[in-house]
Structure formats: structure tokens, C-alpha cells
Amino acid sequence: MVEVLTEKNKELFYDYFNIDTKKFTRTRILLCVLFILLYSVFVNFIGLTDNGYWWLIGILICGLIGYKMPYMELVSKRNKLVLTRQYMFPNFLRYFISLLSTEGNVYLTIKETLNYVDEPFRPIVEKLIKELDDPRIPNYEAFMNFAEEINTSESIMIMNMISDFSEQGINKDEIKELEDTILRLQENKVNELIEYKVGKIHKYANPIVVLAIVYMIVFVGIVAVAYLGMMNVSASS
């Protein structure tokens, strides 16, 4: 929510998703105007324009919501992508460990994992290979850039170990330590996924109950207004 309000990483998100900034800004302005128009029609319909300056505050709020909505979707898309990659990271590491014994080389092993990883993890593996091929980028920096794409403390520690394998050679004891770390990471991610799924069920269940209650209140209100209108007509006749 803080990022949506401040937009301090806006340029990073634009670059990450290859956003056309002019087109994106036009969309934001159009949504801002649309929200203001819809709100204006609504307040005129129910007669709130005579109620001081509160309706003007509502215009500002609706305009801000309309303007922020595309950026909020962009942030949500990025967060979902990172979360998905975090859950896919242990599988990538399992492939890496399994292939390392046959390839015998960190770089060749990472290239071989491309045959096994799926979207949306594959692009960051391709990016890692591209950076390892680039003589201007140190190998350690390429591995850390990859870890940042996963965005967890475990990814930084593990990719640091793999970077050491790449520079100093493969050590059996360190391989065993890496295997144990990957196993713990996979168990943790399975537990996190279960908790996330359960939390998601509660998250979507509660709004449904609230909407049902709101619907009942609105329905009762409409019936009450209609009944009072009929009573007034009867009394006047």
C-alpha cells in the first residue's frame, strides 16, 4: 500500500514490465476522469450536491482511486510474480543439484536447467545465463542479481554458495550442506503455501459474507422506502 501511495519504485516497475509510460499515463488519466464522472452522476442522482463541500472531497478521493488503480495492479502483478518464483525456487535448486553431478560445472548445469524450468521462472534463469556470458558483469554480481529476483534471504545465501562453487570448484561437504539447505527451504515453502491457501480461503470468504449482509440491508431499505411511499400516497388520497 505504501508503494501505491508513494510510487518510489515506479521507474523500476516500468522497466521491469517494459511499460509504455505515455500510454500508461493516458490510461491513468482516463480512469481518473471516468471515476470522477461516475461519482458526479451518482451524487447528483441522490442529491448530495447540496450537502456542503463533502461531495467535492468525494470527487478528489474518487479521482485519486481511478488514477492509482493501474499502478496498484502493476504492483500486485509484480508481487504475485515474485511470490510464484519464490515457490518455484526450491524446484529449480533440486534440478540444479541433480544435474550438477553429471555436468560437473556450475555454468553448464544452470544452462541445462532451462530444459526443466517453466514460466515465470525461466526468464530469470535465461537472464542469469546472459549475464554470466557478459564479460562486463562479474559472476558474483550475476548470481546476486538472480537472488534479488527471488527476493528472499535464503536465495541470497544459496546463490552465494553457488557463486563460490563457480569460482572455487565443487566441494562434496559444501554440496551436502547445500542439499540440506534446499530440503529445509522446500519444506518451509510447502508449509507457507498451505498457510497461504488457507488464508486465501478466509480472505475471500469474509467479503462474501459482508456483501450478503450489505445486499440484505439495501434490499430491506428499498422495500421500506417503497412501503413508506405507498403509505404517503394513500394518506394524501
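### Focus on a nonpolar patch on the surface
A grouping of Ile29, Val33, Leu37 and Tyr67 is seen on the molecular surface, where their side chains present a nonpolar patch of about 340 Å² in accessible area. Element by element, the count of residues in the nonpolar patch is highest for helix α3 (residues 21–46), at 3 residues. Among the secondary structure elements, leucine 37 is positioned in helix α3.

### Some details on the nonpolar core
Core analysis: the biggest nonpolar cluster contains 33 residues, and Phe89, Phe121 and Phe146 have the highest contact counts within it. Within the residue set of this core, elements represented by two or more residues are α4 (54–103), α5 (106–113), α6 (122–133), α7 (139–150), α8 (153–168) and α9 (172–236). Looking at this core element by element, the count peaks at 7 residues for α4. When near neighbours in sequence (up to four residues on either side) are disregarded, phenylalanine 121 contacts Arg85, Met88, Phe89, Phe92, Phe146 and Ile150. Formed by 9 residues, the second largest nonpolar core is a distinct cluster that contains Val4, Tyr14, Val75 and Leu81.

### Quick look at the confidence of the model for the protein
Looking at the protein as a whole, its pLDDT mean stands at 78, while 73% of the residues score no less than 70. Summarising per-element confidence for the protein, the mean pLDDT is lowest in α9 (58) and highest in α6 (94). In the predicted structure, residues 194–205 sits below a pLDDT of 50 and forms 3 contacts with residues beyond four places in sequence or in another chain.

### A word on unusual backbone geometry
Apart from glycine, the bulk of residues carry a negative phi angle, and the bulk of peptide bonds sit in the trans form. Glutamate 119 connects to proline 120 through a cis peptide bond whose omega is 5 degrees. Looking at the secondary structure, you find proline 120 in the loop between α5 and α6. In the Ramachandran plot, asparagine 18 falls in the positive-phi region, its phi being about 50 degrees despite a non-glycine side chain. Notably, asparagine 151 is not glycine yet its phi reads approximately 65 degrees, a positive angle. Within the secondary structure, asparagine 151 is located in the loop between α7 and α8.

### Quick look at the packing of aromatic side chains
All told, the structure shown has 10 aromatic pairs when counted by the stated rule. Ring centres of phenylalanine 89 and phenylalanine 121 lie 6.5 Å apart, and the angle between their planes is 25 degrees; on these two criteria the pair is classed as stacked. Placement of phenylalanine 89 in helix α4 and of phenylalanine 121 in the loop between α5 and α6 is noted, with a sequence separation of 32 residues between them. Here phenylalanine 89 and phenylalanine 121 have matching classes, each one buried. Measuring from ring centre to ring centre gives 5.9 Å for phenylalanine 121 and phenylalanine 146, while their planes differ by 75 degrees; the resulting arrangement is edge-to-face. A residue pair is termed long-range when its members are at least 10 positions apart, and phenylalanine 121 in the loop between α5 and α6 and phenylalanine 146 in helix α7 qualify at 25 residues. The same class applies to phenylalanine 121 and to phenylalanine 146, which are both buried. Put simply, the rings of Phe89, Phe92, Phe121 and Phe146 pair up and form one aromatic cluster. Looking at arginine 28, its charged tip hangs above the ring of tyrosine 67, at a distance of 4.0 Å from the centre. The cationic tip of arginine 78 hangs over the ring face of tyrosine 16; the distance from NZ or CZ to the ring centre is 4.2 Å.

### A short note on the pattern of salt bridges
The final tally for this structure, using the stated rule, is 8 salt bridges. The salt bridge partner of arginine 85 is glutamate 149, with a shortest N-O separation of 3.5 Å. Linking arginine 85 in helix α4 with glutamate 149 in helix α7, this pair joins segments that are 64 residues apart in sequence. With its nearest N and O atoms 3.1 Å apart, the salt bridge here joins arginine 122 to glutamate 126.

Each value, and the rule that gives it
- Residues numbered from 1 in each chain as written.
- Predicted model: local features only at pLDDT ≥ 70, side-chain atom pairs only at ≥ 80, totals over all residues.
- Heavy atoms only, no water.
- Patch = residues over 30% accessible without salt bridge, like charges linked within 9 Å, V, L, I, M, F, W, Y side chains within 5 Å.
- Areas by Shrake-Rupley, 256 points an atom, 1.4 Å probe, with all protein chains shown as cover.
- Salt bridge = Lys/Arg side-chain N within 4 Å of Asp/Glu carboxyl O.
- Helix = DSSP H or I, 4+ residues; strand = E, 2+ residues; numbered from the N terminus.
- Core = buried A, V, L, I, M, F, W, Y, C linked by side-chain atoms within 4.5 Å.
- Buried < 20%, exposed > 50% of the residue type's maximum accessible area, 1.4 Å probe, protein only.
- Contact = heavy atoms within 4.5 Å.
- pLDDT = per-residue confidence, 0-100.
- Phe/Tyr/Trp six-rings, centres within 6.5 Å; stacked < 30°, edge-to-face > 60°.
- Lys NZ or Arg CZ within 6 Å of the ring centre and 35° of its normal.

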